[in-house]
Amino acid sequence: MFRALLSLLLLACLLGAATNQDILKRADGLARSGKTNDLFRAYNDYKNLYLRSIMKGDESLKVKSLNGIVVTGKKLHIDVSEYSQELRESNSNKKYKTSDGKASKKVKSVSLKSMSKIESVKWNGNDLILSFNNDLEGDQIKYFVLHDKKHNRYRYVFDIDSSFISQSKVLTKRGVSRIKLNQFNSKTVRLVFEDRDKLNLHFNVEGNDLRISLLLKEEKQYTPKAVQSSPKVSKADKNKVIVIDPGHGGKDSGAIGYRHYYEKNLVLSIAKELTETLKKRGYKVYMTRSRDVFIKLKERTAYANRKDADLFISIHANAVCSSKAEKACGIETYFLSPSRSKRATSVAELENSADLSDMNGYGKSTFLKFTTNLNRIASNKLAIDLQRGMLGNLRKHYKDVVDAGVREGPFWVLVGAQMPAVLVEVGFITNPKEAKMLVNRTYSKHLAHGIANGVERYFINN
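Here's a quick rundown of the structure. (Residues numbered from 1 in each chain as written. Predicted model: local features only at pLDDT ≥ 70, side-chain atom pairs only at ≥ 80, totals over all residues. Heavy atoms only, no water.)

A short note on the overall build of the chain
So, point 1. When helices and strands are counted, the chain shows 12 helices and 18 strands.
So, point 2. Evaluated residue by residue, the chain yields a buried proportion of 49% over its 462 residues.
So, point 3. Of the contacts formed within the chain by residues at least 6 apart in sequence, a portion of 70% connects residues at least 24 apart.
So, point 4. Entry remark: accessible area of the chain is about 23,400 Å², with carbon and sulfur atoms responsible for 50%. (Helix = DSSP H or I, 4+ residues; strand = E, 2+ residues; numbered from the N terminus. Buried < 20%, exposed > 50% of the residue type's maximum accessible area, 1.4 Å probe, protein only. Contact = heavy atoms within 4.5 Å. Areas by Shrake-Rupley, 256 points an atom, 1.4 Å probe, with all protein chains shown as cover.)

Notes on the nonpolar core
So, point 1. Within the largest apolar cluster, 65 residues are counted, with the highest numbers of intra-cluster contacts made by Ile242, Ile244, Leu278, Ile313, Ile315, Val426 and Val455.
So, point 2. Broken down by element, the residue count for this core peaks at 8 residues, all from helix H12 (residues 441-461).
So, point 3. Residues Ile179, Leu199, Leu210 and Leu214 belong to the second largest nonpolar core, which totals 24 residues. (Core = buried A, V, L, I, M, F, W, Y, C linked by side-chain atoms within 4.5 Å.)

Considerations on the pattern of salt bridges
So, point 1. One pass over the full model with this rule turns up 16 salt bridges.
So, point 2. A salt bridge links Arg441 to Glu273, with the nearest nitrogen and oxygen atoms 2.8 Å apart. Taken as a pair, Arg441 in helix H12 and Glu273 in helix H6 (residues 263-280) lie far apart in primary sequence, 168 residues in all.
So, point 3. As a salt-bridge pair, Glu456 and Arg281 come within 3.4 Å of each other at their nearest N and O atoms. (Salt bridge = Lys/Arg side-chain N within 4 Å of Asp/Glu carboxyl O.)

What to know about the packing of aromatic side chains
Describing an aromatic ring pair means giving the distance of the ring centres and the angle of the ring planes.
So, point 1. This model, assessed by the stated rule, comprises 10 aromatic pairs.
So, point 2. Among the aromatic residues, those joined into a ring-pair cluster are Tyr143, Phe158, Phe193 and Phe203.
So, point 3. Sitting above the plane of the Trp123 ring, Lys173 keeps its charged end 4.8 Å from the centroid.
So, point 4. Cation over ring: Lys307 sits above Tyr286, and NZ or CZ is 4.3 Å from the ring centre. (Phe/Tyr/Trp six-rings, centres within 6.5 Å; stacked < 30°, edge-to-face > 60°. Lys NZ or Arg CZ within 6 Å of the ring centre and 35° of its normal.)

Considerations on the side chain of Gln140
So, point 1. Checked against the element boundaries, Gln140 lands in the loop between strand S4 (127-132) and strand S5 (141-148).
So, point 2. Among the residues examined, Gln140 registers a relative accessible area of 10% and is labelled buried.
So, point 3. Here Asp161 takes part through its backbone oxygen, which lies 2.8 Å from a polar atom of the side chain of Gln140. (Polar contact = N/O pair within 3.5 Å; in protein donor to acceptor, adjacent residues only side chain to side chain.)

Considering the pairing of strand S17 (residues 403-409)
So, point 1. Burial analysis of S17 places 6 of its 7 residues in the buried class, which makes it a mostly covered element.
So, point 2. Two strands pair when backbone bridges link them, and strand S16 (residues 331-336) and S17 are joined in this way by 6 bridges, in the parallel orientation. From the neighbouring strand, Thr333 faces S17, where its bridge partner is Val406. (Pairing = 2+ DSSP bridges.)

Remarks on the packing of H6 against H12
So, point 1. Their axes nearest at 9 Å, the elements H6 and H12 cross at an angle of 50°. As summarised for this structure, H6 and H12 are arranged oblique, according to the angle between their axes. Our pair here, H6 against H12, has a crossing hand that is right-handed. The segment H6 lies against H12, with Ile270, Glu273, Leu274, Thr277 and Leu278 engaging Arg441, Ser444, Lys445, Leu447, Ala448, His449, Ile451, Ala452 and Val455.
So, point 2. Per-class residue counts for the contact of H6 with H12 are 8 nonpolar, 3 polar and 3 charged. (Axes fitted to C-alpha atoms, helices over the stretch in contact; angles between N-to-C directions. Parallel < 35°, antiparallel > 145°, perpendicular 65-115°, else oblique. Left-handed = near helix turned anticlockwise from the far one by under 90°. Nonpolar A, V, L, I, M, F, W, Y, C, P; charged D, E, K, R; others polar.)

Here's the deal with the sheet that holds strand S15 (residues 311-318)
In any sheet, the strands associate via hydrogen bonds between backbone groups, in a parallel or an antiparallel arrangement.
So, point 1. If you walk across this open sheet you meet the 6 strands as S14-S13-S15-S18-S16-S17, and the pairing is mixed. Edge positions in the sheet fall to strand S14 (284-287) and S17, since each of these pairs with one other strand and no more. Across the sheet, the axes of successive neighbouring strands diverge by a mean angle of 20°, strand direction being ignored.
So, point 2. As paired strands, S16 and strand S18 (residues 421-428) are joined by 4 bridges and run antiparallel to one another.

Section: unusual backbone geometry
So, point 1. Although it is not a glycine, Arg259 adopts a positive phi angle of roughly 55°.
So, point 2. Assignment of secondary structure puts Arg259 in the loop between strand S13 (241-246) and H6.
So, point 3. Even without glycine at this site, Asp308 takes up a positive phi of about 55°.
So, point 4. Along the chain, Asp308 falls in the loop between helix H7 (297-306) and S15.

Some points on the environment of Tyr262
So, point 1. Tracing the sequence through the fold places Tyr262 in the loop between S13 and H6.
So, point 2. Look at Tyr262 and you get partly exposed, because its relative accessible area is 34%.
So, point 3. When the C-alpha atoms of Tyr262 and His248 are compared, they prove to be 9.9 Å apart, with 14 residues separating the residues in sequence.
So, point 4. Among all residues touching Tyr262, those that are not within four sequence positions of it are Ser253, Ala255, Ile256 and Ile429.

Here is the structure:
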């Protein structure tokens, strides 16, 4: 406890010593470097500046910090949709004085010189690379999928804002019916992949390149590079301590899903499988509960702190109302943040409901703002590695596993952890297809091995 308070005090002193402009300048520099560690640091700086802008009512700082959050968050594949929406609203509300003294909405003009020009389009294996004349920003790329059920056609659309191309191009690739690149409007280039079958596409912004990876049907299932092979456990890894937390338990059943599956039982089974897998790989592993008992949320991280754990992983299963049960699916991993995302908040409310009636909403929000800075970056990295690990291992055996992403949220089971801590939603217990897979022993084994792969990748990278 003393160590955590001391760290918070030091952090507050450091932040207080630097002006907002100093922090903004540092964050902008880190964001331009393109390195993952620098992007994490920049993202964290922008989040701190955003909180400062809210507290001080500084609209200019708010817009700059929101822009930084959106750009770096998208490069790190973090869900920043709420921040994007707030940024759009802030920009649309900007006003300036005209020569006659009247207020008028500010209109942003985009000149051809300020736009990104596509200089080359080429295939590198199954990667389509679009190279621009300057660096791309994460929020320039809008990606969506259209399904024409009448003609059974799928269209995968990439809209690249503030960009242009000298002439339209029709590209060819074996296994894809049609690929077209053209100028959609005055400041948007549109790239469309079209086929009768579903395509597996992944994209990433790398400096001035947009790289789109295409997995064709005849190939082996895509596995992220970070988990293509299970790295061997080094001697240093064998000294690592990991605490696995099966959510809920006892009087708290958690969600009740398809065929009355109880979340508390399902996650306990997966947690035991994960514990055995990690032990076989040489780690020292503890469980907050190994049977059906109730444990308060704050006591779970307190247990991890007493064990001097290096990682804390809480296992849960997601749930929605019956009207959405057929559609809501996917694996997602959360790290702690006072997020205002509707999705994160709704998921967190389900997981937080057990024993938090003694603190009102304002108190929770205020407390979270001052407890999430210390391990946020490390927890974010861990969340990404675990998500990649699960997807990489499961997709070798189950082609339809859905990636619901890495997100931030106000999960109270993670509060107080003095080590990187994440919450894994292994799937939707209310979705008939996912629920049946989650209670299957073979599936849970592959899932556990994927999480273990992510743990090893995290330790190798950090």
